[in-house]
Amino acid sequence: MRKRSFFDNDLKPIQAYNLAKITGLEAIDRFQLILEIFAKRVSTREAQLQVQLASLRYQFPRARESVKLARMGEQPGFLGLGRYEIDVYLEAIKRQ
């Protein structure tokens, strides 16, 4: 089980990143917690798709911020040819 810290306020992507870096815990805001609760409790296929779409829309700006932070502090090449693993994740979110 991963350790998490929960926040009642909406966290900007950089805030969540900085809090996770400082505390060593995953920073979760209210919206993400609600999405996780809904994802566990949905029963119909339509509801699953709606929750997945909401989750992807929530994750997209955070993935973009992760790409920016990864490019600032590290050398490219985790997956070869100068690509970051997070770039692949960002492309997957766009495709979905």
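What this report covers is the structure whose coordinates are included nearby. (Residues numbered from 1 in each chain as written. Predicted model: local features only at pLDDT ≥ 70, side-chain atom pairs only at ≥ 80, totals over all residues. Heavy atoms only, no water.)

**Details of the pairing of strand E1 (residues 4-7)**
Where E1 and strand E2 (residues 26-29) come together, four bridges link them in parallel fashion. Note on E2: the bridge partner recorded for Phe 7 is Asp 29. Note that the unit made of E1, helix H1 (residues 13-23) and E2 has a crossover that is right-handed. (Pairing = 2+ DSSP bridges. Helix = DSSP H or I, 4+ residues; strand = E, 2+ residues; numbered from the N terminus. Right-handed = clockwise from strand over helix to strand, strands pointing away.)

**Re a nonpolar patch on the surface**
On the surface, a nonpolar cluster with roughly 260 Å² of combined accessible area is contributed by Phe 6, Leu 33 and Ile 37. Note on placement: Phe 6 falls in strand E1. (Patch = residues over 30% accessible without salt bridge, like charges linked within 9 Å, V, L, I, M, F, W, Y side chains within 5 Å. Areas by Shrake-Rupley, 256 points an atom, 1.4 Å probe, with all protein chains shown as cover. Salt bridge = Lys/Arg side-chain N within 4 Å of Asp/Glu carboxyl O.)

**Description of the packing of aromatic side chains**
In this description, an aromatic ring pair is defined by two values, namely the gap between the centres and the angle between the planes. Within the structure shown, the criterion is met by one aromatic pair. Seen in terms of ring centroids, Phe 31 and Tyr 58 are 5.2 Å apart; in terms of plane orientation they differ by 35 degrees. Their pairing is tilted. Placement of the pair is Phe 31 in helix H2 (residues 30-41) and Tyr 58 in helix H3 (residues 45-73), with a sequence separation of 27 residues. Here Phe 31 falls in the partly exposed class, since its relative accessible area comes to 37%. Sitting over the face of the ring of Tyr 58, Arg 62 holds its NZ or CZ atom 3.9 Å from the ring centroid. (Phe/Tyr/Trp six-rings, centres within 6.5 Å; stacked < 30°, edge-to-face > 60°. Buried < 20%, exposed > 50% of the residue type's maximum accessible area, 1.4 Å probe, protein only. Lys NZ or Arg CZ within 6 Å of the ring centre and 35° of its normal.)

**Some points on the pattern of salt bridges**
For the coordinates displayed, the defined rule picks out four salt bridges. Two residues, Glu 26 and Arg 4, come together in a salt bridge whose shortest N-O distance is 3.4 Å. Pair noted here: Glu 26 is in strand E2 and Arg 4 is in strand E1, with a separation of 22 residues, a long-range link. Relative accessible area serves as the criterion here: at 27%, Glu 26 is assigned to the partly exposed category. Put simply, Arg 4 and Glu 36 hold a salt bridge, and the shortest N to O gap is 2.7 Å. Placement of the pair is Arg 4 in strand E1 and Glu 36 in helix H2, with a sequence separation of 32 residues.

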